[in-house]
Amino acid sequence: MPANYQVVLYGASGYTGKLTAWKLAKRGIPFIAAGRDKTRLAAEMEKVPELKGADYLCASVPHDVAR
C-alpha cells in the first residue's frame with residue numbers, strides 16, 4: 001500500500017460516503033475513510049462488497065465542538 005493517501009473521505013460510513021468509497025475503489029484511487037468511530041466505520045466498509053481488495057485505511061477523527 002502506498003504511504004501517501006491523497007483523498008480523505010469523511011463520513012464514509014453513511015450512504016453517500018459508501019457510494020463515494022465504491023467509486024474511488026472502482027477507479028483505483030487509494031483513500032482514507034474517516035469518521036468518529038473507527039470500529040463502526042470499519043464494520044460499515046466491510047458491508048460494501050465492491051471494496052474487497054481496495055486500497056483504503058479507516059481512521060477515527062475526534063469530534064470536538066468545544067473551542
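Our subject is the structure that appears above.
Quantities reported herein were computed from a predicted structural model and do not represent experimental measurements.

**Observations regarding the environment of L19**
- If you trace the backbone, L19 turns up in helix α1 (residues 15–26).
- Its relative accessible area of 35% is what places L19 among the partly exposed residues.
- For the pair formed by L19 and V48, sequence separation is 29 residues and the distance between their alpha carbons is 9.0 Å.

**Considerations on α1**
- With 12 residues, α1 ought to run about 16 Å at 1.5 Å a step, and its terminal C-alpha atoms sit 17 Å apart, in line with that.
- For α1, every residue scored as buried is listed here: G17, A21, L24 and A25. When α1 is viewed along its axis, its buried side chains cluster within an angular range of 95° and face the same direction. Opposite the buried face of α1, at more than 90 degrees from it, the exposed residues are Y15, T16 and K26.

**Topic: the nonpolar core**
- The biggest cluster of nonpolar side chains holds 13 residues, and the ones touching the most others in it are F31, A33, M45 and L51.
- Among the elements of the structure, α1, β2 (31–35), α2 (38–46) and β3 (56–60) are those that each provide at least two residues to this core.
- Apart from the residues within four sequence positions on either side, A33 is in contact with L9, A12, L41, M45, L57, C58 and A59.

Cut-offs used in this document
Residues numbered from 1 in each chain as written. Predicted model: local features only at pLDDT ≥ 70, side-chain atom pairs only at ≥ 80, totals over all residues. Heavy atoms only, no water. Helix = DSSP H or I, 4+ residues; strand = E, 2+ residues; numbered from the N terminus. Buried < 20%, exposed > 50% of the residue type's maximum accessible area, 1.4 Å probe, protein only. Expected span 1.5 Å × (residues − 1). Arc of directions from axis to C-beta. Core = buried A, V, L, I, M, F, W, Y, C linked by side-chain atoms within 4.5 Å. Contact = heavy atoms within 4.5 Å.

Any link to function would need more than the numbers given here.
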